[in-house]
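The primary structure of each chain is shown beneath.
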Amino acid sequence: MSYLSQFQVFLLLSIIKIAVVLVITLTAVAYTVLLERKVIGRIQNRWGPSRTGPFGLLQPLADGIKLFLKEDLMPLAVERPLFILAPMIALTCALVSIAVVPFGALTTYKGVDLFEVANVNIGLLVILGVTSIGVYGIALSGWSSNNKYSLLGSLRASAQVISYELALGLSLVGVVLRAQSLNLRTIVNSQSAHGALSWNILGGCQIVGFFIYLMAAYAETNRAPFDLPEAETELVAGYHTEYSSMKFAMFFMAEYANMITVSCVATLLFFGGASSPLGHLLPANFGGAILTAIFPILWFIAKILAFLFLYIWVRATLPRFRYDQLMGFGWKFLLPLAMLNIIATSFVLAYRS
């Protein structure tokens, strides 16, 4: 009976964690869109959304209602099952990867980690594997639309994602070598001893790896200046041209959920995750148990917001690359640089040992 009650507690806490993380992530996706529109508006010397609710804070709700109520148009010649399945694949893969992200300090209740949905030993591989499956949603959407321009957009996006996955994966090898683990919480703990000086980007000498990861992440999420699914010469939106209503919204949500995932991974692997930049200068019980649990979450959120702001800043600043420039940059520059970073990191770790 005691074993059964323990299992019930584990199951109940797991369901609650999944529900909370899902609600927070979807809310964050909606307000990341608002943040982007407001920040780009200010950069371009205009207001951005400001009339729907105070300071435009209800604009995401209005957009969601509009997309939900719009007519769901579907061309007659599409491959209907795959046409419907494609946005589901894209959004599901974007949301599932959040499950292995530790967004707070290790806090357990009856043996259950409260601030991570699933603590797995290969959490980094889970994120890379799940997000790579999302390319099927892109490829299937363009092919099933029975539209040549949608197919061209999906081919460009698929080739772009697959190509930059190599550089992105190799850019993280130095971090894995330093932590000697693929467990995300272990990687965070390896950076928490001396605050910001222990972070991989500084103490771990992974600034080159971070640069490669950042460039590859822009391409992986199809964001400016690497948003090549869209092309001015075609005057279409790329692989999701034929989609409308909630199907289009699912692609839209997947893009911003991937932005949040990329920001989470960058925070965990290069900037100490939920650890404080002050390290252990403050006592462990500073402010009581509740504040001790809350402070790491606030640090984590602040780092993610900084990365999202960088995403938006780059979009508002840089023009779109040509496709040959994009692929050449990935294959001829980022990939060799990632290999050199692995070799240099291996030599440094071998020398220190």
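This text follows the structure it describes.
Quick caveat, the model's predicted, so the values are computed rather than measured. (Residues numbered from 1 in each chain as written. Predicted model: local features only at pLDDT ≥ 70, side-chain atom pairs only at ≥ 80, totals over all residues. Heavy atoms only, no water.)

Some points on the overall build of the protein chain
Reasoning step 1: Scanning the protein chain from N- to C-terminus turns up twelve helices and two strands.
Reasoning step 2: For 353 residues, the compact-globule estimate of 2.2 N^0.38 gives 20 Å, and the protein chain sits close to it at 21 Å.
Reasoning step 3: Principal axes of the C-alpha set define a box for the protein chain whose edges measure 60 × 50 × 50 Å.
Reasoning step 4: Across the 353 residues in the protein chain, those meeting the buried criterion constitute 45%.
Reasoning step 5: Across the protein chain, every contact between residues at least 6 apart in sequence was considered, and the portion connecting residues at least 24 apart equals 79%. (Helix = DSSP H or I, 4+ residues; strand = E, 2+ residues; numbered from the N terminus. Rg over C-alpha atoms; globule rule 2.2 N^0.38 Å. Buried < 20%, exposed > 50% of the residue type's maximum accessible area, 1.4 Å probe, protein only. Contact = heavy atoms within 4.5 Å.)

Some words on helix 3 (residues 80-96)
Reasoning step 1: Here helix 3 spans 25 Å end to end across 17 residues, near enough to the 24 Å set by a 1.5 Å rise per residue.
Reasoning step 2: Where helix 3 is concerned, the buried positions are F83, A86, P87, I89, A90, L91, C93, A94 and L95. (Expected span 1.5 Å × (residues − 1).)

Here we look at the side chain of S244
Reasoning step 1: Locating S244 in the fold gives a position in the loop between helix 9 (207-220) and helix 10 (245-270).
Reasoning step 2: Residues contacting S244, with those up to four places away along its chain left out, are E71, D72 and L73.

Topic: a nonpolar patch on the surface
Reasoning step 1: A cluster of nonpolar side chains, namely Y31, F55, L57, L58, L61, I65, F68, L69 and M246, defines an oily patch on the protein surface of about 950 Å² accessible area.
Reasoning step 2: Per element, the largest residue contribution to the nonpolar patch is four residues, and it comes from helix 2 (residues 59-69).
Reasoning step 3: Considering the arrangement of structural elements, one finds L57 in the loop between helix 1 (2-43) and helix 2. (Patch = residues over 30% accessible without salt bridge, like charges linked within 9 Å, V, L, I, M, F, W, Y side chains within 5 Å. Areas by Shrake-Rupley, 256 points an atom, 1.4 Å probe, with all protein chains shown as cover. Salt bridge = Lys/Arg side-chain N within 4 Å of Asp/Glu carboxyl O.)

Considering the packing of helix 5 (residues 135-144) against helix 6 (residues 148-171)
Two quantities define a packed helix pair, namely the angle between the axes and the distance from one axis to the other.
Reasoning step 1: Taken N-terminus to C-terminus, the directions of helix 5 and helix 6 make an angle of 160°; their axes are 7 Å apart at the nearest point. Between helix 5 and helix 6, the interaxial angle falls into the category roughly antiparallel. Helix-helix and strand crossings are classified by hand; for helix 5 and helix 6 the assignment is left-handed. Facing helix 5, whose interface residues are V135, I138, A139, G142 and W143, helix 6 presents S150, L151, S154, A157, S158, V161 and I162.
Reasoning step 2: The residue makeup of the contact of helix 5 with helix 6, split by class, is eight nonpolar, four polar and no charged. (Axes fitted to C-alpha atoms, helices over the stretch in contact; angles between N-to-C directions. Parallel < 35°, antiparallel > 145°, perpendicular 65-115°, else oblique. Left-handed = near helix turned anticlockwise from the far one by under 90°. Nonpolar A, V, L, I, M, F, W, Y, C, P; charged D, E, K, R; others polar.)

Observations regarding unusual backbone geometry
Reasoning step 1: In this structure, P225 follows A224 across a cis peptide bond, with omega equal to 5°.
Reasoning step 2: With respect to the helices and strands, P225 occurs in the loop between helix 9 and helix 10.
Reasoning step 3: Positive phi, normally seen in glycine, also occurs at N45, with a value near 60°.
Reasoning step 4: Structurally, N45 can be placed in the loop between helix 1 and helix 2.
Reasoning step 5: Positive phi, close to 55°, is recorded for N222, a residue that is not glycine.
Reasoning step 6: Take N222: it is sitting in the loop between helix 9 and helix 10.

Here's the deal with the packing of aromatic side chains
Reasoning step 1: Taken as a whole and judged by the stated rule, the model has 18 aromatic pairs.
Reasoning step 2: Centre to centre, the rings of F329 and F333 are 5.4 Å apart; their planes meet at 20°, and the pair counts as stacked. Placement of the pair is F329 and F333 together in helix 12 (residues 323-352), with a separation of four residues, close to one helical turn.
Reasoning step 3: On the basis of relative accessibility, which here comes to 40%, the residue F333 falls in the partly exposed class.
Reasoning step 4: Members of the aromatic cluster, joined through ring pairs, are W199, F210, Y213, F270, F271 and F307. (Phe/Tyr/Trp six-rings, centres within 6.5 Å; stacked < 30°, edge-to-face > 60°.)

Some words on the nonpolar core
Reasoning step 1: Residues F210, Y213, L269 and F270 are the most contacted members of the largest nonpolar core, which totals 68 residues.
Reasoning step 2: Top element by residues in this core is helix 10. It accounts for 14 residues.
Reasoning step 3: Ignoring anything within four residues of it in the chain, the contact list for Y213 reads L168, S171, L172, V262, V265, A266 and F270. (Core = buried A, V, L, I, M, F, W, Y, C linked by side-chain atoms within 4.5 Å.)

What to know about the layout of surface pockets
In this approach a probe as big as a water molecule rolls over the atoms, and the regions it shows empty are the leftover space.
Reasoning step 1: Considering only enclosed or pocket space, the largest pocket measures out at about 730 Å³ in volume.
Reasoning step 2: Elements with a minimum of two residues in the lining of the largest pocket: helix 1, helix 10 and helix 11 (288-317).
Reasoning step 3: When residues of the lining of the largest pocket are assigned to their parent elements, the largest contribution, 13 residues, is made by helix 1.
Reasoning step 4: Residue composition of the lining of the largest pocket, by class: 24 nonpolar, two polar and three charged. (1 Å grid on protein atoms, 1.4 Å probe; cavity = no way out; pocket = protein on both sides within 12 Å on 5 of 7 lines; lining within 4 Å. Points joined across faces, edges and corners; volume = space filled by probe spheres on them.)

Side note on the packing of helix 9 against helix 12
Reasoning step 1: Two elements in contact, helix 9 and helix 12, have axes separated by 10 Å at closest approach and are oriented at 150°. Regarding the angle of helix 9 to helix 12, the classification is roughly antiparallel. Note that helix 9 runs across helix 12; the crossing there is left-handed. Every residue of helix 12 that contacts helix 9 at V208, G209, F211, I212, M215, A216 and A219 is listed here: L326, F329, F333, L334, L337, A338 and N341.
Reasoning step 2: Grouping the constituent residues of the contact of helix 9 with helix 12 by class yields twelve nonpolar, two polar and no charged.

Brief notes about helix 5
Reasoning step 1: Buried within helix 5 we find V135, G137, I138, S141, G142 and S144.
Reasoning step 2: Of the surrounding elements, those touching the buried residues of helix 5 are helix 3, helix 4 (123-133), helix 6 and helix 10.
Reasoning step 3: N146 sits one or two residues past helix 5 and shows a positive phi near 55°.

No statement about biological role is implied by the geometric values presented.
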